[in-house]
2 protein chains.
Amino acid sequence: MKDLTFCSSLHGSEHDHLRQILTHVQFDGHNTIFHEAEDADYVFNITSGSVKLYKLLGDGRRQITGFLFAGDFLGLALNTNYSYTAEAVEPVTACRFPRQKLEKLFDDFPQLEKRMLGMAVDELAAAQDQMLLLGRKTAKEKVASFLLMLARRQEHRGEDSDMINVPMSRSDIADYLGLTIETVSRTLTQLRKEATISLKDNRHIEAVGREMLQDLAEGL
Amino acid sequence: MKDLTFCSSLHGSEHDHLRQILTHVQFDGHNTIFHEAEDADYVFNITSGSVKLYKLLGDGRRQITGFLFAGDFLGLALNTNYSYTAEAVEPVTACRFPRQKLEKLFDDFPQLEKRMLGMAVDELAAAQDQMLLLGRKTAKEKVASFLLMLARRQEHRGEDSDMINVPMSRSDIADYLGLTIETVSRTLTQLRKEATISLKDNRHIEAVGREMLQDLAEGL
DNA sequence: CGTTAGTTTGAGCAGCCTCAAAGGACGTGG
DNA sequence: CCACGTCCTTTGAGGCTGCTCAAACTAACG
């Protein structure tokens with residue numbers, strides 16, 4: 001697998017400087033990496049495992065705004081506070097950068113800042129896709145889009161995408177798609193009965209009919 | 001009203017350079033500024049009026065991902081293509097910057113790029129709030145959040161926020177909140193009957209019970 | 001095995017949607 | 001000035017998707 005993590009894909013003097021300020025950290029599943037509204041002192045780059053980001057309403061309703069995997073950046077809020085909570089879905093290893101020191105490096109290496117901006121713009125496009133999903137797609141379309149997203153990111157990481165890895169619980173999926181656990185479960189069984197997917201176990205799904213998933217995701 | 005537009009808040013040599021590459025443009029209501037997937041040749045800074053951004057599904061279902069007002073930036077996708085369609089809600093004036101020239105300026109004035117990154121991060125936080133709204137709020141909470149958003153941005157622009165300006169149609173509001181026109185209308189009448197808001201006309205709403213709106217928006 | 005946490009399945013319900021029609025606002029033309 | 005058409009909004013009635021509540025099933029672990 002090609003290495004997509006930020007802290008391993010650095011060149012020349014950027015690399016040396018970044019290495020000097022990073023710390024390797026790890027988190028067990030269900031552990032909180034940081035809380036919403038907490039001081040945003042660190043930026044992370046995931047090297048393995050998976051992370052969920054979420055926001056809560058006053059009465060406890062939860063919306064997961066994104067999942068992060070190896071290579072993804074975490075906490076690039078340049079504000080003083082994090083705007084969401086980050087929690088490990090399964091054991092996570094990451095590189096941690098003190099935000100202030102990282103920002104100082106930006107002054108000497110504007111290329112780093114360019115990459116940051118590029119990543120922020122990509123995330124923004126993903127967020128807009130997710131808004132389309134949450135606001136206008138049916139349960140079936142949502143689940144199909146979700147599975148495709150997992151498959152595509154798995155491919156992008158260079159992993160085998162035949163069998164889709166689903167490290168998160170039904171509850172996490174539901175809170176990501178704006179559904180209930182029950183609806184996610186029912187929709188998966190429906191897709192299974194239609195032979196669009198094949199459930200190996202709760203954490204491994206095979207996309208038998210990928211075209212069907214794609215049509216569903218695009219709302220055709 | 002204090003001037004919040006980018007092209008009028010520039011200092012020193014940044015200002016001069018930016019002035020050299022910008023063009024003043026305008027669009028009538030319902031006019032398209034650019035289409036999704038089109039080449040992203042320009043970046044805009046709104047100086048007056050309001051804009052809606054949207055994405056479409058294959059069968060025509062629409063999700064408005066955001067509204068822009070005076071001072072807001074448009075098209076900061078640094079990709080080669082726009083990721084959404086931008087359309088004027090009411091007559092718009094804007095400054096237009098050729099993307100390539102703007103990016104060249106970034107090399108000489110890293111401060112500009114920093115501001116861009118800051119804006120992208122702010123937009124990202126707004127997008128996450130919107131995901132929480134779309135995925136987990138009820139119709140009433142959505143409408144309350146929407147009205148508060150309009151009021152807050154109006155204040156931020158230095159305009160009187162006693163009477164909320166609602167330049168967009170019910171159809172636009174519906175497609176922004178993931179609802180139907182009818183539900184938006186019904187919810188507004190419900191809020192009116194509860195004396196939480198007062199409808200002057202279709203484009204002007206008074207937030208009589210702002211605390212009530214805030215509680216609704218936060219899901220308490 | 002017993003316990004616990006997570007998932008699936010079922011039955012009934014409700015919030016929001018769909019379809020339909022009436023009510024306003026606005027502009028055009030007689 | 002009013003009649004008329006168009007577009008948008010509001011209101012009503014009924015239906016459906018996805019939610020709630022409840023129970024059975026499964027897997028992991030001591």
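Just so we're clear, the structure is a prediction, and the values are computed from it rather than from any experiment. (Residues numbered from 1 in each chain as written. Chains lettered and ligands numbered in written order. Predicted model: local features only at pLDDT ≥ 70, side-chain atom pairs only at ≥ 80, totals over all residues. Heavy atoms only, no water.)

Asker: Before we go on, may I ask you to explain the packing of aromatic side chains in this structure?
Answerer: Each aromatic ring pair is characterised by the separation of its centres together with the angle its planes make. The full count for this structure, using the stated rule, is 16 aromatic pairs over all chains. Ring geometry for Phe27(B) and Phe44(B): centres 6.3 Å apart, planes at 70°, overall edge-to-face. Of this pair, Phe27(B) sits in strand S1 (residues 23–27) while Phe44(B) is found in strand S3 (residues 42–56), placing the two residues 17 residues apart along the sequence. Taking relative accessible area as the criterion, Phe27(B) reaches 16% and is therefore assigned buried. Looking at Phe44(B), the relative accessible area reads 4%, which means it is buried. Chaining the aromatic ring pairs together yields one cluster made of Phe27(A), Phe34(A), Tyr42(A), Phe44(A), Tyr82(A) and Tyr84(A). Sitting over the ring of Tyr54(A), Arg62(A) keeps its end group 5.4 Å from the ring centre. Note that Arg96(B) overlies the ring of Tyr42(B), its terminal NZ or CZ placed 4.1 Å from the centroid. (Phe/Tyr/Trp six-rings, centres within 6.5 Å; stacked < 30°, edge-to-face > 60°. Helix = DSSP H or I, 4+ residues; strand = E, 2+ residues; numbered from the N terminus. Buried < 20%, exposed > 50% of the residue type's maximum accessible area, 1.4 Å probe, protein only. Lys NZ or Arg CZ within 6 Å of the ring centre and 35° of its normal.)

Asker: I tried to follow the protein's contact with DNA strand C on my own but got confused; where do I start?
Answerer: Taken together, 19 residues lie around DNA strand C, and Arg170(A), Arg186(A), Thr189(A), Ala139(B) and Thr183(B) are the ones closest in. For DNA strand C, the backbone makes up 66% of the atoms found within 4 Å of the protein, where backbone means sugar plus phosphate. Arg170(A) places a polar side-chain atom, nitrogen or oxygen, 2.8 Å from a phosphate oxygen of DNA strand C. At 3.5 Å from a phosphate oxygen of DNA strand C is found a side-chain nitrogen or oxygen belonging to Thr189(A). Elements that contribute at least two residues to the surface near DNA strand C include exactly helix H5 (170–177) and helix H6 (181–193) of chain A together with helix H6 (181–193) of chain B. Ranked by residue count, the leading element in the surface near DNA strand C is H6(A), at six residues. (Near = heavy atom within 4 Å. Polar contact = N/O pair within 3.5 Å; in protein donor to acceptor, adjacent residues only side chain to side chain.)

Asker: What is the right way to look at helix H4 (residues 139–156) of chain A in this model?
Answerer: Since the α-helix packs 3.6 residues into each turn, any two residues three or four apart lie on the same face. Residues and elements named next belong to chain A. Along its 18 residues, H4 runs 26 Å from first to last C-alpha, staying within 8% of the 26 Å computed at 1.5 Å per residue. For H4, the full list of buried residues reads Glu141, Lys142, Val143, Ala144, Ser145, Phe146, Leu147, Leu148, Met149, Leu150, Ala151 and Gln154. Just beyond H4, the residue with positive phi is Gly158, at close to 85°. (Expected span 1.5 Å × (residues − 1).)

Asker: How should the protein's contact with DNA strand D be read in this particular structure?
Answerer: Close to DNA strand D lie 17 residues; Ala139(A), Thr183(A), Ser185(B), Arg186(B) and Thr189(B) are nearest. Backbone atoms, meaning sugar plus phosphate, form 66% of the atoms of DNA strand D positioned within 4 Å of the protein. In the model, a phosphate oxygen of DNA strand D is placed 2.4 Å from a nitrogen or oxygen of the Thr183(A) side chain. Between DNA strand D and the protein, one listed contact pairs a phosphate oxygen with a side-chain N or O atom of Arg203(B) at 3.3 Å. Secondary-structure elements contributing two or more residues to the surface near DNA strand D are H6 of chain A together with helix H5 (170–177) and H6 of chain B. Broken down by element, the surface near DNA strand D gets its largest block of residues, four residues, from H6(B). Of the residues contributing to the surface near DNA strand D, the split by class is two nonpolar, nine polar and six charged. (Nonpolar A, V, L, I, M, F, W, Y, C, P; charged D, E, K, R; others polar.)

Asker: How should I be thinking about the domain arrangement of chain A in this particular structure?
Answerer: Quoted interface sizes are often the accessible area lost when the parts come together. All names here are of chain A. Per the domain assignment, the segments making up chain A are domain 1 (6–132) and domain 2 (137–218). Measuring from the centre of the C-alpha atoms in domain 1 to the corresponding centre in domain 2 gives 25 Å. Each side of the interface is counted separately: domain 1 has 16 residues, and domain 2 has 12 residues. Counting each side, the surface lost to burial between domain 1 and domain 2 is near 1,300 Å², with a carbon and sulfur contribution of 53%. Of all residues in domain 1, Arg62, Phe67 and Phe69 bury the most surface against domain 2, accounting for 47% of the area lost on that side. Counting the contacts that link domain 1 with domain 2 gives four salt bridges. With a shortest N-O distance of 2.7 Å, Asp72 and Arg153 are connected by a salt bridge. The tally of links between domain 1 and domain 2 comes to nine residue pairs in polar contact (both at pLDDT 80 or more). (Domains from an automatic or database assignment. Contact = heavy atoms within 4.5 Å. Buried area = accessible area lost by both parts, 1.4 Å probe. Salt bridge = Lys/Arg side-chain N within 4 Å of Asp/Glu carboxyl O.)

Asker: Explain the environment of Ala174(A) here, please?
Answerer: In this structure, Ala174(A) sits in helix H5. Taking the relative accessible area as the measure of exposure, Ala174(A) reaches 2% and is therefore buried. Put simply, Ala174(A) and Ala94(A) are 80 residues apart on the chain and 26 Å apart in space, counted from C-alpha to C-alpha. Not counting residues within four places of it along the chain, the set of residues in contact with Ala174(A) comprises Leu179(A), Thr180(A), Ile181(A), Val184(A) and Arg136(B).

Asker: Before we go on, may I ask you to explain the relation of the copies chain B and chain A in this structure?
Answerer: Relating the two copies of this chain is a rotation about some axis coupled with a shift parallel to it. It takes a turn of 180° to lay chain B on chain A, together with a shift of 0.0 Å along the axis; the resulting RMSD is 0.0 Å. Taken together, the rotation angle and the small translation identify this as a two-fold axis. (Least-squares fit on C-alpha atoms with pLDDT ≥ 70 in both.)

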